[in-house]
Amino acid sequence: MRDYYSDFGIAPAVADYCAGVLSGLRERFDAVDAVAEENQAKVLLAMQRQRVDAQCFAGSTGYGYNDAGRDTLEQVYADAFHTESALVRPQLVCGTHALAVALSANLLPGDELLSPVGKPYDTLEEVIGIRPSACSLAEYGVSYRQVDLLPDGSFDYDGIRAAVNAKTRLITIQRSKGYAMRPTLSVARIGELIAFCKALKPDVLCMVDNCYGEFVEPLEPSDVGADMIVGSLIKNPGGGLAPIGGYICGTKQCVDRCAYRLSAPGLGQEVGASLDVKTSLYQGFFMAPVTVAGALKGAIFAARLYESLGFRVLPDGSESRHDIIQAVELGSAEKLIAFCEGIQAAAPVDSYVRPVPAPMPGYDADVIMAAGAFVQGSSIELSADGPLRAPYSVYFQGGLTWYHAKLGIMMSLQKLFEKGLVTLPDN
Ligand SMILES: *Cc1c(COP(=O)(O)O)cnc(C)c1O
């Protein structure tokens, strides 16, 4: 391996330092592998019970009537996530779209949407109408209320009790911190929150934005009372192979409405050609538990490595994990850029390009992004990004294999090291 490290331009001092950090992570990695093994069994059993066969992979075109492979894939998702029904489609073009469909299908004019976990993911602001937008829920007469987490990250139960009212129809719970500096919610905590909300109002619907959380734990939010869980196939459940798509799993009543909203009232799940993407959706779901485990090991390694060098990391190097995102506060623009250059230089695709900060819609500062992915924009593949403003945090996620994630993180440190931006203590 030494020779390969030198081929990648990784200095012996960097390799040795990383090896020292890694030697302390055996138990953490064993725990990650144990979860992956459970989830692999869960997915495999779902595929067997739903009698997946080679015919499932045949493509369909046009209306997509009688696309049995599409229907079976949806049953596999429903089986694995323990829900009555599932909508898993390439026509759900991304996670935001799947969430927008789930919300707009299950909220009617006069209803109110409540987020009891603070501000939702950026792209949902326009879906909801927090930032005014054409076709937002607000424009259709759906009001929105929000209860922030308490400063220590716990739920503001008094605030939630006060916010739930006769109009409250749907409660949206974001599992991952996304790009906020708050803790990610464990499935157990989501279960407590759902139980509290349903005790206040038994007929309220609870939806979980499950992005980045799938297969990180042995249970999903649908196992602890969520009426719908929603996510993107170019994140965890696509296993890095799905080229497009989103999913909504939940009660038949909720999912039927989502299908009517996605296609047309009366048509629902009966239409929607799957073209030629089904093999990758099946195989990606099959691979996902192990892919997620690799990404998690990368996140844990990055946390421990950068924490040991004195950087603030979230989650920290010993906390339990509930999503695959790792934030590292690098503290300067030079360090943020060097980190991203290292991730880019380790990529299988576009490794020769150098990421540079650039303006991005919706951001008040330039943003730097590193990704060299087989699927454009896929964030289950090794990627890193961050806005160029204090505290110069990088958000790092993914890795189709643990060994690639490891190399990427080593390369990030190498770039910081060779520019004299870190000194390596003895370990
Ligand atoms: C990625 C993400 C989304 C949106 O998904 P896109 O596929 O980027 O539209 C929504 N919520 C969370 C928490 C996410 O991480």
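Above this text is the structure in question.
Everything in this summary refers to the structure shown in the same document. As the structure is a computational prediction, the values presented were derived from the model and not from experiment.

1. Considering the site of the ligand
Stage number 1. Taken together, C94, G95, T96, L99, Y121, Q174, D209, C211, Y212, S232 and K235 make up all the residues around the ligand.
Stage number 2. Between D209 and the ligand, the recorded distance is 2.6 Å, taken from a side-chain N or O atom to a nitrogen atom.
Stage number 3. Contacts to the ligand include K235, whose side-chain N or O atom sits 2.9 Å from an oxygen atom.
Stage number 4. In isolation the ligand offers 380 Å² of accessible surface; the protein chains occlude 89% of this area.
Stage number 5. At three residues, the largest contribution of residues to the shell around the ligand is made by helix α5 (residues 95-106).
Stage number 6. A per-class count over the shell around the ligand returns five nonpolar, four polar and two charged.

2. Some thoughts on the packing of helix α3 (residues 26-49) against helix α4 (residues 68-80)
Stage number 1. In the contact formed by α3 and α4, the axes pass within 8 Å of each other and the chain directions differ by 135°. With respect to α4, the axis of α3 lies oblique. Here α3 runs over α4; the crossing is right-handed. Together, K42, A46, M47 and R49 of α3 and V76, D79 and A80 of α4 make up the contact between the two elements.
Stage number 2. Considered class by class, the residues forming the contact of α3 with α4 number four nonpolar, no polar and three charged.

3. Things to note about the environment of D33
Stage number 1. Structurally, D33 can be placed in helix α3.
Stage number 2. For D33, a relative accessible area of 35% corresponds to the partly exposed category.
Stage number 3. It is 29 Å that separates the C-alpha atoms of D33 and A54, two residues lying 21 residues apart in sequence.
Stage number 4. Within the structure, D33 has its side chain in polar contact with the side chain of K297 (distance 2.8 Å).

4. Brief notes about unusual backbone geometry
Stage number 1. Cis rather than trans, the peptide bond between L314 and P315 has omega equal to -5°.
Stage number 2. Inspection of the secondary structure assignment puts P315 in the loop between β8 (312-314) and β9 (326-329).
Stage number 3. Of the consecutive residues A390 and P391, the connecting peptide bond is found in the cis state with omega at 5°.
Stage number 4. One non-glycine residue with positive phi stands out, namely R51, at about 55°.
Stage number 5. Looking at the secondary structure, you find R51 in the loop between α3 and α4.
Stage number 6. Using a relative accessible area of 68% as the deciding quantity, one classes R51 as exposed.
Stage number 7. Phi angles above zero are rare outside glycine, and L275 is one such case at about 50°.
Stage number 8. Relative to the elements of secondary structure, L275 occurs in the loop between α9 (252-262) and α10 (278-308).
Stage number 9. When its relative accessible area of 51% is taken as the criterion, L275 is described as exposed.

What counts as what
Residues numbered from 1 in each chain as written. Predicted model: local features only at pLDDT ≥ 70, side-chain atom pairs only at ≥ 80, totals over all residues. Heavy atoms only, no water. Near = heavy atom within 4 Å. Polar contact = N/O pair within 3.5 Å; in protein donor to acceptor, adjacent residues only side chain to side chain. Areas by Shrake-Rupley, 256 points an atom, 1.4 Å probe, with all protein chains shown as cover. Helix = DSSP H or I, 4+ residues; strand = E, 2+ residues; numbered from the N terminus. Nonpolar A, V, L, I, M, F, W, Y, C, P; charged D, E, K, R; others polar. Axes fitted to C-alpha atoms, helices over the stretch in contact; angles between N-to-C directions. Parallel < 35°, antiparallel > 145°, perpendicular 65-115°, else oblique. Left-handed = near helix turned anticlockwise from the far one by under 90°. Contact = heavy atoms within 4.5 Å. Buried < 20%, exposed > 50% of the residue type's maximum accessible area, 1.4 Å probe, protein only.

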